[in-house]
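Each chain, letter by letter, is given below.
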Amino acid sequence: MTRDGRNTARPGWMWWLPARPEPASDGLPPQGDGLSEADRRRISECRATAAGRPVVTVSGTLRAVSTQPVGGAPALRAELDDGSASLDVVWLGRDRLSGVVPGRCLTASGRMANLDGHPVLFNPRYELRPPGTEECG
């Protein structure tokens, strides 16, 4: 670092976060009961491909919940299962979320990613459902 405070170790290197999109333009379905059955998909139908990463809404039961650091930062990982398949739901920067526990029904919406051949939703919108509901999968 120089006397005037400039970082010379990595010239031109700057960390930044992209601006958060407006809620109407983020491509996700409305939250709450605004989700129709046509918006929901079975997990077995969800695949991120080289052609794109689709926005999906899935419902199921949380089978396992654990914390796994990613790059030194906390991350909460949950396995969501709807009976046809399972996927990982990962919240980066979180080590717990109230109500996100094994056995709980959850509906999640987000952009599908593929990590080591397994479907993943990172930081999705989510809604906790009472156990035994139809949306549980």
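Everything here concerns the structure above.
The notes below deal with the structure included here. Given the structure is predicted, the values throughout are model-derived calculations rather than measurements.

### Things to note about the side chain of S59
Argument step 1. Tracing the sequence through the fold places S59 in strand β1 (residues 55–67).
Argument step 2. Engagement of the side chain of S59 in a polar contact is seen with the side chain of T107, the distance being 2.7 Å.

### Some details on the pattern of salt bridges
Argument step 1. The final tally for this structure, using the stated rule, is four salt bridges.
Argument step 2. Between R42 and D82 there is a salt bridge; the shortest N-O distance is 3.8 Å. Here the residue R42 occupies a position in the segment before β1, and D82 occupies one in the loop between β2 (75–81) and β3 (86–92), the gap between them amounting to 40 residues.

### Looking at the packing of aromatic side chains
Argument step 1. All told, the structure shown has one aromatic pair when counted by the stated rule.
Argument step 2. Measuring from centroid to centroid gives 5.3 Å for W91 and Y126, while their planes differ by 70 degrees, and the two rings are edge-to-face. Residue W91 is located in strand β3, and its partner Y126 is located in strand β6 (residues 125–129); the two are separated by 35 residues in the primary sequence.
Argument step 3. A residue is classified by how much of its surface remains accessible, and Y126, at 31% relative accessible area, is partly exposed.

### Re the nonpolar core
Argument step 1. Ranked by internal contacts, the top residues of the largest apolar core, which has 17 residues, are V58, L80, L87, W91 and L121.
Argument step 2. Listing elements by their share of this core, those giving two or more residues are β1, β2, β3 and β4 (105–115).
Argument step 3. Filtering out sequence-adjacent residues up to four positions away, W91 remains in contact with P74, A75, L76, A78, L97, V100, L106, N123, P124 and Y126.

Criteria and thresholds
- Residues numbered from 1 in each chain as written.
- Predicted model: local features only at pLDDT ≥ 70, side-chain atom pairs only at ≥ 80, totals over all residues.
- Heavy atoms only, no water.
- Helix = DSSP H or I, 4+ residues; strand = E, 2+ residues; numbered from the N terminus.
- Polar contact = N/O pair within 3.5 Å; in protein donor to acceptor, adjacent residues only side chain to side chain.
- Salt bridge = Lys/Arg side-chain N within 4 Å of Asp/Glu carboxyl O.
- Phe/Tyr/Trp six-rings, centres within 6.5 Å; stacked < 30°, edge-to-face > 60°.
- Buried < 20%, exposed > 50% of the residue type's maximum accessible area, 1.4 Å probe, protein only.
- Core = buried A, V, L, I, M, F, W, Y, C linked by side-chain atoms within 4.5 Å.
- Contact = heavy atoms within 4.5 Å.

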